[in-house]
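# Overview (structure and organization)
Chain residues, written in single-letter form:
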Amino acid sequence: MLSEWLTRIRFFFVRRKPDELDEELCFHVEQSVERNVAAGMTAEEARREAMIEFGGVERAREQSFAQRPGWWLGTVEQDVRYALRGFRRNWVFTVAVIATLMVGIGATTAVFSVVDRILFRPLPYAHDDRLVSVGLVQPMQRQEFTLGGFFFEWRDNQKPFEALTFETGYGDCNLTETNPMHLHCISVAQDFLPTLGVTPVAGRNFTKEEDVPNGPRVVVITDGLWLSRFDRDPALVGKTVNLDGHATQIVGVLPRDFEMPRLQEVDILRPAQIDIAEQHTVNSGIGLPLWAFARLKPGIGLAEAKAEMEPLFLHTREWIPAELRKDFHLQVRSIRDLQMADVYRVAWVLLGAVLTVLAIACANVASLFSARGVAREKEMAVRSALGASRGRLLRQTLTEAVLLAIGGTAAGCVLAEILLRGFISIGPTGMPFLASARLDLRITLFMVVLAMVCATIFGILPALEIPKARALAARQARTATQARLRRVLVVGQIGLCVVLLSGASLLVRSFSNLERQSLGMQTRNVITVHVPLNWERYPAGTRDFYLRAEAAFRQLPGVTAVGISNSLPPGGPHAGSRYSEFEVEGKPPTPAGAGGSVAWRQVTPDYFRVLRIPIVEGANFSEEERGLNQHLAILSKDLAARFFPEGNAVGRHVMHEMFNPYRQAGPVYTVVGVAGMVKNGGLAGEDEPEFYELQTNGQSEYWDNHEVFLLESSLPAAALAPWIHARVAQLDPTAPVEMDTMEQVVSKLADRPRFETALLGFFACCGLLMAVIGLYGVIAFVATQRTQEIGVRMALGATRGNILRLIAGEGVRLIVIGGVLGLGASLVSARLLTSLLFHVSARDPWTYVGVVVVLGVVALAATLIPARAAMKVEPVVALRYE
Amino acid sequence: MQPTTDLLQGTLDLLILQTLAAGPMHGWGVAQRIQQVSKDVLQIGQGSLYPALHRLEYKGWIRADWGASENNRRAKFYSLTATGRRQLQAELKSWDRLSDAIGLVLGRIPEGA
């Protein structure tokens with residue numbers, strides 16, 4: 001058996017020369033001739049007899065060849081060559097199919113690669129589907145958090161969770177050794193890692209004995225720090241390093257893919273070492289803020305867990321002052337939801353758009369193949385009559401389909417890579433994991449298989465019908481059903497196209513509204529310089545540093561004004577207060593919790609000058625007032641109108657209450673002016689009324705450690721950068737400097753909507769293009785099919801106008817049906833977009849009118865070109881057609 | 001028209017193997033030999049002879065070598081390989097079984113004969 005296989009394999013590779021067989025056959029005939037001559041025939045007669053006896057020489061030769069193992073490979077080669085010749089002859093069809101497949105596969109693969117990382121990424125935790133985030137939410141803090149005063153009561157009495165653990169948010173620490181390093185240190189509960197199902201790859205987690213108040217200084221470090229600082233030293237565990245001036249022992253190293261559930265940057269985890277008893281006294285008696293995570297018991301759902309936690313939550317809520325209490329609610333959601341909260345919607349919209357494009361692409365391929373199948377019916381019938389078996393014809397068609405799919409897939413993969421790079425380059429920074437998206441091999445493979453299956457099915461369908469002899473003569477019957485299929489496909493394409501186009505135009509309108517809105521301030525020639533300081537280096541406060549830096553910046557060339565603020569409009573985080581905490585002199589206090597929130601900024605007089613924010617009433621703060629120890633304020637126009645509906649805000653007094661832990665009177669501010677409205681809730685967000693407090697030179701403790709300078713400069717930021725870095729370094733060589741132009745700050749806020757708009761716009765264009773190709777193909781095909789009919793009609797007296805109407809009417813009908821269906825579908829699907837839209841209704845009539853007009857015009861053009869060609873047919877030619 | 005006798009599927013292979021068992025032979029010789037031995041009943045169409053020879057060669061049951069024919073022409077001589085010999089024995093056995101069985105069914109051979 002083995003030798004038999006070896007022989008076969010040998011012959012598979014060793015091809016015999018064709019003339020060997022010829023020689024052999026020739027010899028055979030010669031032998032017969034000789035025998036016949038010997039039997040007494042003439043030479044001529046002998047040869048004739050020998051040839052008759054032999055039969056078909058060609059057939060014998062072909063069949064002998066066919067015995068060779070792997071002979072069929074040769075026919076594949078033949079099929080491929082035949083197919084390529086066909087493609088060259090019919091290059092419009094070839095290009096259309098490959099382009100369609102390219103766009104379909106390219107766009108789908110690229111978007112899936114991105115979306116997969118966002119929606120379906122496995123979290124680096126064991127059984128991540130059972131991990132949840134638990135906490136309080138309130139209108140000003142929508143990300144759930146909890147407080148030390150509540151957490152431990154929850155932990156000790158909860159039932160739905162296997163474990164409830166916490167981390168303490170963001171933290172800084174410094175590696176105080178040679179080459180000091182600024183690190184992100186987060187304190188976590190002892191059971192934090194076990195609850196997430198994370199095991200250190202080296203060393204161990206903290207022990208319970210270490211997680212006690214004033215316990216030993218031990219830390220677990222991340223793989224990133226292990227690599228960057230310690231070069232993956234295997235003997236590191238157990239060693240001692242100097243952290244913030246204290247000897248600290250490294251007891252473990254985290255796995256490479258470790259990440260915090262809230263995705264904060266992290267280098268070091270240390271035990272929280274929380275004093276539980278103390279949690280009822282610190283921070284006004286409600287305890288330190290914590291972020292809690294839990295592992296659900298098997299079989300318990302989110303809703304169940306929340307219902308079981310509710311009584312505990314209501315009980316602990318009693319700790320919150322009564323007037324704020326009802327603002328707080330319990331929230332339990334999966335960690336995936338927590339991470340992806342506002343990216344979900346975008347990802348689904350993208351996915352929907354790209355699936356629509358894929359559907360249009362498939363319909364296009366189907367209708368192209370079907371049209372070609374009909375056009376080739378005759379060719380197939382001829383080949384069949386000449387003796388090609390049905391299997392052979394099928395294989396031929398299959399070869400063509402697979403070749404096209406390969407071409408389309410290759411082009412699609414290239415396009416996918418280009419698109420993906422494009423997405424990443426225009427992608428907003430706030431979109432998690434976008435930057436790390438790579439072309440996913442599994443998805444690419446899936447798409448390749450999908451394309452092959454698609455092409456195979458559509459390629460084979462026409463070939464499956466036996467090429468009947470009658471196809472040589474008449475071919476009406478089948479053409480009719482196929483034409484109906486193609487019409488349905490075109491209607492579907494146009495419908496889907498309307499959905500895509502209307503979604504894209506809604507986003508485009510929304511984006512242009514966003515870009516065109518007035519920010520209420522000047523962004524040109526404004527440079528922002530953010531200098532965060534380390535409190536440990538400034539025990540006496542940061543005021544002196546910032547005042548010196550301000551003075552230094554004022555002397556820079558080209559700088560005409562320097563303002564200081566503790567936060568930046570329009571989108572940055574800023575301090576805030578409840579409206580009800582303000583009490584206007586001579587008026588009754590607002591009920592607690594009513595009135596929403598107020599943005600609060602501490603600024604110097606130049607803040608208004610640099611940003612050109614108009615003071616509409618009263619006056620700006622003055623430089624002299626900075627030296628006085630007074631509480632001065634400027635109100636935004638709407639805040640002034642709410643405090644003083646009767647007008648005349650200037651010179652009036654507003655008291656701001658403080659909770660410590662109960663209501664008590666705070667400082668009284670004198671209003672010196674009213675400022676114009678400035679966007680402060682992001683580009684698309686709801687604006688809050690704004691309270692500007694003068695940042696005085698008085699008490700140092702009123703200064704933050706993350707002040708921002710606003711420079712009005714006639715020089716570009718790049719030119720100023722070296723000077724600014726040098727001036728800051730003179731004051732504090734360890735202080736980091738982050739520079740931006742105000743225009744960049746604003747433009748970054750528009751990143752997300754720009755991303756969404758660009759993508760959906762791109763898909764809509766792809767969809768439109770493909771739908772138009774499909775429509776054109778069908779109408780052109782119908783027109784050719786009816787050439788003879790047109791000839792007869794014209795011979796019977798039809799005018800060219802009649803013919804145009806006849807052919808174009810077909811197209812118009814498809815457009816109208818598809819358009820109406822599409823409008824209906826897009827009105828429904830546009831609701832998905834509502835949360836992404838800015839100042840545009842999801843049912844904005846103008847958008848839909850625009851889409852209908854654009855699609856109508858383009859589609860009509862696609863119809864009229866072939867219809868006009870049909871109109872110009874000469875009746876004599878048409879009658880002779882075929 | 002020559003008398004047509006459709007050979008049973010696979011029988012041609014058996015005939016060729018059996019013919020070659022006598023010694024190396026070229027294609028024409030094989031055809032002549034089968035015709036002679038069968039007293040002109042079995043005429044092998046060349047259209048099936050050469051494909052069969054090639055098939056057997058590809059299977060490794062027979063071997064082809066170029067040699068000189070009786071009248072000193074270059075011809076391809078086929079001979080049985082060891083595998084071919086074993087295959088011939090196996091095929092003969094199964095042929096006997098088959099023809100006995102057919103004979104029984106047709107009642108041509110008395111039972112127990």
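Please refer to the structure higher up on the page.
Below, the structure is looked at part by part. (Residues numbered from 1 in each chain as written. Chains lettered and ligands numbered in written order. Predicted model: local features only at pLDDT ≥ 70, side-chain atom pairs only at ≥ 80, totals over all residues.)

## Structural notes on the interface of chain A and chain B
Accessible area lost during the coming together of the parts is what is often quoted as the interface size. Taken together, the 20 residues of chain A in the interface contact 17 residues of chain B. Broken down by secondary-structure element, the contributors of at least two residues to the side of chain A that touches chain B are helix H1 (2–13), helix H2 (18–38) and helix H4 (57–66) of chain A. When grouped by side-chain class, the residues that make up the side of chain A that touches chain B number 6 nonpolar, 9 polar and 5 charged. (Contact = placed C-beta atoms within 7 Å. Helix = DSSP H or I, 4+ residues; strand = E, 2+ residues; numbered from the N terminus. Nonpolar A, V, L, I, M, F, W, Y, C, P; charged D, E, K, R; others polar.)

## Digging into helix H4 (residues 82–106) of chain B
Given a rise of 1.5 Å per residue, 25 residues ought to cover 36 Å, and the 36 Å separating the end C-alpha atoms of H4 of chain B matches this to within 8%. The buried count for H4 of chain B comes to 2 of 25 residues, which makes it a mostly uncovered element. (Expected span 1.5 Å × (residues − 1). Buried ≥ 20, exposed ≤ 12 C-beta atoms within 10 Å, placed from the backbone.)

## What to know about the packing of H4 of chain A against helix H3 (residues 46–59) of chain B
For the pair H4 of chain A and H3 of chain B, the least separation of the axes is 8 Å and the interaxial angle reads 20°. The angle between H4 of chain A and H3 of chain B places the two elements in the roughly parallel class. Our pair here, H4 of chain A against H3 of chain B, has a crossing hand that is right-handed. Of H3 of chain B, the residues touching H4 of chain A (which contributes Arg59, Ala60, Gln63 and Ser64 of chain A) are Gln46, Gly47, Tyr50, Pro51 and His54 of chain B. (Axes fitted to C-alpha atoms, helices over the stretch in contact; angles between N-to-C directions. Parallel < 35°, antiparallel > 145°, perpendicular 65-115°, else oblique. Left-handed = near helix turned anticlockwise from the far one by under 90°.)

## What to know about the packing of helix H1 (residues 11–21) of chain B against H4 of chain B
Residue and element names in this part refer to chain B. Contact geometry for H1 and H4: axes closest at 10 Å, N-to-C directions at 125°. With respect to H4, the element H1 is oriented oblique. Where H1 crosses over H4, the handedness of that crossing is left-handed. Contacts from Leu14, Leu17, Gln18 and Ala21 of H1 reach H4 at Gly84, Gln87, Leu88, Glu91 and Trp95. Here the contact of H1 with H4 is composed, by residue class, of 5 nonpolar, 3 polar and 1 charged.

## Here we look at the nonpolar core
Residues and elements named next belong to chain A. Core analysis: the biggest nonpolar cluster contains 96 residues, and Ile494, Cys497, Phe763 and Leu775 have the highest contact counts within it. In terms of residues, this core owes the most to one element, helix H25 (residues 751–785), which gives 17 residues. With residues near it in sequence (within four places) discarded, Ile494 still touches Ala771, Leu775, Leu814, Ile815, Gly818, Gly819, Gly822 and Ala859. Leu183, Leu193, Val251 and Ile335 belong to the second largest nonpolar core, which has 60 residues in total. (Core = buried A, V, L, I, M, F, W, Y, C linked by C-beta atoms within 7 Å.)

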